[in-house]
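The primary structure of each chain is shown beneath.
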Amino acid sequence: MKPVFLIVFGILWNVSIFAQSRSFGTLPMIQAPKSKSRINVNGEIDPYKKQKALEIFIKLRDARGDFRYPVPAFEMTKDVGMVASMDYNKLQINLEEKAYNVCATFADTNAAIAFLLAHELSHYYEKHAWKRGFVSEFKDLAIGLKLDSLQDDVANETEADYLGGFLAYSAGYGFFDQGSAIIKELYKAYGLGNKLPKYPSLQDRQAMSVRTTEKLRRLIQVFDMSNLLIAVGNYSEANEYLKYILMEYQSRELYNNYGVSILSDVMTNYFNANELRFRYPIHLDLESSAKDAGIGNVRQLLIKQAILQFDAAISMDPNYVPAYINKACAYALLGDPVRGEFYADVEARKIAEQNKDQKAIQDLTILLGIIKANKGDTLRAKELFETAKMAGSKLAGINLNILNREPLGDGTESGGSRSKHEQIDNPSLKSLIMANEFTNPKSLQISNTITFYFVPAQGPSSFLFISEQGDKSTYFHCTKPGYKLATAKKIAIGMNSDAITSPTAYGNPKNTIETPNGRILIYKSILFIIGKDDKLERWVVYSN
C-alpha cells in the first residue's frame, strides 16, 4: 500500500502616493455628481452592520495572506457618494453604510459585501495607485494627460473586479455572479442617471461586469481542477494548472499547494514503500522504487524546490500554519529531523496554539510521532499517535495501526471496487465517456500540451471537468452544492465520515488528503470531500 499524505512590508511600501479614492464597479469610483453627493453627519453607524462588515474584511485580508505590505484598516462611514473606497492617505478602506444596505437586499448579503471589499483590497495589493501618483507628478506635461486616460482606469477596475472575485471565493464566500445587479441597484439607491461624466453608460458597465464574471468563473474552475488532480495523483498536470493561476494571482494558498504538489510527486515517484511507512499530515489548502544516487539527488532537489514554495507562502503570511506544517514534513522527508521537529514543535505549534487550531495541533503531534518512529523511538511515537487519536484525529489512528503493524481494514484495496457503479445524475460518467457526448463544453488552454474542458451543466445538479493531455484524459463528475441524491452505498451530503468508512459502506479509503478544514477520502473512482465538522460536503466520481 502506498501512503498518500497530502495536506495541502518587511519592505515598507511608500504610501505617500497622492490621495486616491477608488470604489466598486468597473471604473475608478461611483462618484455621484455634486448635486447628488452629500455627507451624512447625523446619527451613528449601526454597530451590528459595522461588526459584520469588519468580520468579512478580516476574512478577506487573511485569505489574501499578503503581509509583506502594511495591512489597510477598515471603516464604515455615513458618507454618501463613493460606495466603497481605498484612502491611501489613511491607509484605510471605507465602506458607506448606504452601500451596505444595498448589499443587504441580496440573498447572499455576505458575498455581496465581500465583493465590494475584495475589489478595494485588490486595488491596494495590485498597486493600482502607482499610476495615479505618477500622473500627478507629470500632469503639466502632454505625457501626463495621455497617461491619465479613462481606458487605463477601466482596465484597473476590471482587474479589481476579477481578482477581487477570486479573493472572495478563496475566503469562502463562493462564486458571486451578481456584480451587474449590484451596479444597477447602487445607481438606483444613489439616485444616479444612466450616464455620469467621464463614465461609460450604466449598460456598458453592467456588460463589462458580466464578461469579467465569466473570466473569474474560469479561474476558479482551474483552481478547483488543480486540487482534484492532486487528489488523484496527477501531480505534473496539477503543477501546470497552478502555474497558470500564479501567472495572474498570487496567494499563500497557491504557493502552498504548488509546494504540496511537488512534494507529493516526490513521495510517489522517488521513495519506496519501506521508506514511507507512515501517512504524513501534509496540508492541501486541498510508484517506482528509488535507491540509486542519481534519483536520490533528484529527490533532494525536488524536496528543496517544494520548501521554496512553502517559504514563499510564509513570506506572504508569517502566521500561515499549513505552510509550516508542510515545511516540517519536507525536512523530515529530507532526512533532517532536527529542522523537521523545530518547524513542527516550535514555529508551527506556537501559531496553531495562538489560533486555537485543534486540527493543526493534532497534525503536528502526528508528524512528531512519525519523526520519533523513524528515529527508532517507538514508545514515544505511540504516545504521540495515541494523544492525537484521543483528540479526534482519524489520521493518527491510521498511523498507530501502521506502527503496531495492524491491518488498516478492507478499504485499502476493496473500497475502489465497490464504487465502480457510482454515478451522479444521469447518465453515468462511464456512459458519457463511451459516448463522448458532453453538454456544451467550454475549453481553456492551460499549457502547450494540456487543455481544460468544463461542462457547467452535465446534469441537473452536477458539472464535469476534463483535463486532456495528448491521448490521456482525466474526468471528474462533481456534485453541485445541495445535491440531494445519495451514492450507490446510500451516502449523502451532510453525513459523517464514519458512515462513509464503515465496512458496510466504502471501508477505509485507498488514500487520504488532509486539508486545513477537513479531509478528502480517496477511493478508486470516487472522492469524498469532508468539511471541518467531519460532514460530507460534496463528492466526485472520476476516471483517471
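Reading guide: rules and limits
- Residue numbers restart at each chain and count upward from 1, following the sequence in its written direction.
- Totals for whole chains, interfaces and linings use every residue, but because this is a predicted model, local features are given only for residues with pLDDT of at least 70 and side-chain atom pairs only at 80 or more, for both listing and counting.
- The side-chain quantities take in all heavy atoms of the structure and omit both hydrogens and water.
- A helix here means a DSSP run of H or I that spans at least four residues, while a strand means a run of E at least two residues long, and both kinds are numbered starting from the N terminus.
- Only protein chains enter the calculation, and the probe is 1.4 Å; a residue is then buried if its accessible area is under 20% of its type maximum, exposed if over 50%, and partly exposed in between.
- Two rings from Phe, Tyr or Trp (for Trp, the six-membered ring) form a pair when their centres sit within 6.5 Å of each other. Planes less than 30 degrees apart are called stacked, planes more than 60 degrees apart edge-to-face, and all others tilted.
- Throughout this description, the term nonpolar core refers to a set of buried Ala, Val, Leu, Ile, Met, Phe, Trp, Tyr and Cys residues connected via side-chain atoms within 4.5 Å.
- Any pair of residues with heavy atoms lying within 4.5 Å of one another is described as a contacting pair.
- Criterion used throughout: strands pair if DSSP finds at least two bridges between them.
- Salt bridges are defined as contacts in which a side-chain nitrogen from Lys or Arg sits within 4 Å of a carboxyl oxygen from Asp or Glu.
- Every axis corresponds to a line fitted to the C-alpha atoms, with the helix fit spanning only the stretch in contact, and the corresponding angles, defined between N-to-C directions, vary from 0 to 180 degrees.
- By definition in this entry, angles of less than 35 degrees are roughly parallel, angles greater than 145 are roughly antiparallel, angles of 65 to 115 are roughly perpendicular, and the rest are oblique.
- Note on convention: the crossing is left-handed when the near helix lies turned anticlockwise from the far helix by less than a right angle, right-handed when the turn is clockwise.
- All amino acids are sorted into three groups, where Ala, Val, Leu, Ile, Met, Phe, Trp, Tyr, Cys and Pro are nonpolar, Asp, Glu, Lys and Arg are charged, and the leftover types, Gly among them, are polar.
- The method works on a 1 Å grid over the protein atoms by themselves. A cavity is a set of points holding a 1.4 Å probe that cannot get out, a pocket is an open set with protein on both sides within 12 Å along at least five of seven lines, and residues with an atom within 4 Å of a point line them.
- Grid points are joined across faces, edges and corners, and a volume is the space filled by probe spheres set on the points.
- Residue count minus one, scaled by 1.5 Å, sets the expected span of a helix.
- Distance and chemistry together define a polar contact, namely a pair of N or O atoms within 3.5 Å, with one atom able to donate a hydrogen and the other to accept it when in protein, and with adjacent residues in sequence counting only for side-chain atoms on both sides.
- How sure the predictor is of each residue is captured by pLDDT, a score from 0 to 100.

*Asks:* What am I meant to see in the overall build of the protein chain here?
*Replies:* Within the protein chain, the secondary structure is distributed over 19 helices and 14 strands. When the 544 residues of the protein chain are sorted by exposure, 54% land in the buried category.

*Asks:* What am I meant to see in the packing of aromatic side chains here?
*Replies:* The geometry of an aromatic ring pair is captured by two quantities: the separation of the ring centres and the angle between the planes. Counted under the stated rule, the structure contains 14 aromatic pairs. When the centroid spacing of 5.3 Å and the interplanar angle of 70° are considered together, the rings of Phe-452 and Phe-465 count as edge-to-face. On the criterion of sequence distance, the pair formed by Phe-452 in strand 8 (residues 450–459) and Phe-465 in strand 9 (residues 462–469) is long-range, its members being 13 residues apart. Side by side, Phe-452 and Phe-465 carry an identical accessibility label, which is buried. With centroids separated by 5.3 Å and ring planes inclined at 55°, the aromatic side chains of Phe-454 and Phe-465 adopt a geometry described as tilted.

*Asks:* Teacher, can you tell me more about the nonpolar core here?
*Replies:* Grouped burial of nonpolar side chains is what soluble globular proteins tend to show. Counting 135 residues, the largest nonpolar core has Leu-60, Leu-95, Tyr-280, Phe-476 and Leu-527 as its most contacted members. Counting residues in each nonpolar core, the second largest holds 21 residues, with Leu-432, Ile-500, Ile-526 and Ile-530 among its members.

*Asks:* Would you mind showing me how to read the side chain of Thr-109 here?
*Replies:* With respect to the helices and strands, Thr-109 occurs in helix 3 (residues 109–125). For Thr-109, a relative accessible area of 14% gives the class buried. Apart from residues lying up to four places away in sequence, Thr-109 is in contact with Lys-52, Cys-103 and Ala-104.

*Asks:* Even after reading the chapter, I still don't get the pairing of strand 14 (residues 536–543), so can you show me in this structure?
*Replies:* Regular strands have side chains that alternate between both faces of the sheet. As defined by bridge partners, strand 10 (residues 472–479) adjoins strand 14 across 4 bridges and the pair is classed as antiparallel. Following the sheet pairing, Tyr-475 is matched in strand 14 by Ser-543. Taken together, strand 13 (residues 526–530) and the strand that follows it, strand 14, pair antiparallel across an intervening segment of 5 residues, in which Asp-534 is found at a positive phi of about 65°.

*Asks:* Any chance you could explain the pattern of salt bridges here in plain terms?
*Replies:* Pairing is possible between side chains that carry opposite charge, provided their charged atoms lie close to one another. Taken as a whole and assessed by the stated rule, the structure comprises 19 salt bridges. Linked by salt bridges that have partners in common, Lys-394, Asp-498, Arg-519 and Asp-534 make up one network.

*Asks:* Which parts of the structure should I look at to understand the packing of helix 8 (residues 202–231) against helix 9 (residues 235–246)?
*Replies:* The angle between the axes and the distance between the axes are what describe a pair of packed helices. Between helix 8 and helix 9, the least distance of the axes is 8 Å, while the angle of their chain directions is 155°. The orientation of helix 8 relative to helix 9 falls into the category roughly antiparallel. Seen along the crossing, helix 8 lies across helix 9 with a hand that is left-handed. Across the interface between the two elements, Leu-219, Val-222, Phe-223, Met-225, Ser-226, Leu-229 and Ile-230 of helix 8 pack against Tyr-235, Glu-237, Ala-238, Tyr-241, Leu-242, Tyr-244 and Ile-245 of helix 9. For the contact of helix 8 with helix 9, the residue count by class is 12 nonpolar, 1 polar and 1 charged.

*Asks:* Even after reading the chapter, I still don't get empty space enclosed by the protein, so can you show me in this structure?
*Replies:* In this approach the atoms are scanned with a rolling probe the size of a water molecule, which exposes any empty space left behind. Computed from the structure, the largest cavity encloses a volume of approximately 40 Å³. Lining the largest cavity, in full, are Ala-111, Phe-115, Gly-165, Ala-168, Tyr-169, Gly-174, Phe-175, Phe-176 and Leu-216. Elements represented by at least two residues in the lining of the largest cavity include exactly helix 3 and helix 6 (150–173). No other element matches helix 6, which puts 3 residues into the lining of the largest cavity.

*Asks:* Is there a simple way to explain helix 12 (residues 321–333) in this structure?
*Replies:* What sets the pattern is the α-helix's 3.6 residues per turn: residues three or four places apart point alike. Over its 13 residues, helix 12 extends 19 Å from the first C-alpha to the last, a length consistent with the 18 Å expected when each residue adds 1.5 Å. Helix 12 sits mainly inside the fold: 13 of its 13 residues count as buried. Within two residues after helix 12, Gly-335 carries a phi angle of roughly 80°, on the positive side.

*Asks:* What is the right way to look at the sheet that holds strand 5 (residues 84–87) in this model?
*Replies:* The strands making up a sheet associate through backbone hydrogen bonding, with each pair oriented either parallel or antiparallel. The strand order 3-6-5 describes an open sheet built from 3 strands, whose pairing is mixed. What marks the edges here is a single partner per strand, and that holds for strand 3 (73–77) and strand 5. When strand polarity is set aside, the average angle formed by the axes of neighbouring strands in this sheet is 20°. One ladder, built from 4 bridges, connects strand 5 with strand 6 (residues 92–96); its direction is antiparallel. Pairing of Ala-84 across the sheet is with Leu-95, part of strand 6. Each of strand 3 and strand 6 touches helix 1 (residues 47–64); the most contacted strand, strand 3, lies at about 150° to it.

*Asks:* How should I be thinking about unusual backbone geometry in this particular structure?
*Replies:* What you tend to see is this: most non-glycine residues have negative phi, and most peptide bonds are trans. Of note, the phi angle at Arg-405 is positive, near 55°, even though the residue is not glycine. Counting through the fold element by element, Arg-405 comes out in the loop between helix 16 (394–403) and helix 17 (411–418). Residue class for Arg-405 comes out exposed when judged on its relative accessible area of 71%. Of note in the backbone geometry, Lys-490 takes a positive phi value of approximately 65° without being a glycine.

*Asks:* Would you mind going over the environment of Thr-504 with me for this structure?
*Replies:* Along the chain, Thr-504 turns up in the loop between helix 19 (497–501) and strand 11 (511–514). Within the local environment of Thr-504, its side chain forms a polar contact with the side chain of Ser-502, the two groups lying 2.9 Å apart.

*Asks:* Explanation requested: the pairing of strand 11 in the structure shown.
*Replies:* Where burial is concerned, the two faces of strand 11 agree: the one with Asn-511 and Ile-513 and the one with Thr-512 and Glu-514 are both buried. Two strands pair when backbone bridges link them, and strand 11 and strand 12 (residues 519–522) are joined in this way by 4 bridges, in the antiparallel orientation. When the sheet's bridge partners are listed, Asn-511 is paired in strand 12 with Ile-522. Here strand 11 folds back onto strand 12, and the loop between the two strands holds 4 residues.

*Asks:* Help me understand the environment of Pro-322 in this model?
*Replies:* Tracing the sequence through the fold places Pro-322 in helix 12. The residues contacting Pro-322, other than those within four sequence positions of it, are Asn-256, His-283 and Pro-516.

*Asks:* Is there a simple way to explain the environment of Ile-446 in this structure?
*Replies:* Counting through the fold element by element, Ile-446 comes out in the loop between strand 7 (442–445) and strand 8. Looking at Ile-446, the relative accessible area reads 9%, which means it is buried. For Ile-446 and Ser-467, which are 21 residues apart along the polypeptide, the C-alpha to C-alpha distance reads 9.4 Å. With sequence-adjacent residues up to four places away left out, Ile-446 is seen in contact with Val-222, Glu-240, Tyr-241, Tyr-244 and Phe-452.

*Asks:* I'm lost on the confidence of the model for the protein chain in this one. Help?
*Replies:* In low-pLDDT regions, the fine details of the predicted coordinates are not to be read closely. Overall, the prediction assigns the protein chain a mean pLDDT of 79, with 81% of residues at 70 or greater. Note that pLDDT drops below 50 for residues 133–139; the model gives that stretch 10 contacts with residues more than four away or on any other chain. Low pLDDT (under 50) marks residues 286–295, which in the prediction has 21 contacts with non-local residues, meaning those over four places away or in another chain.

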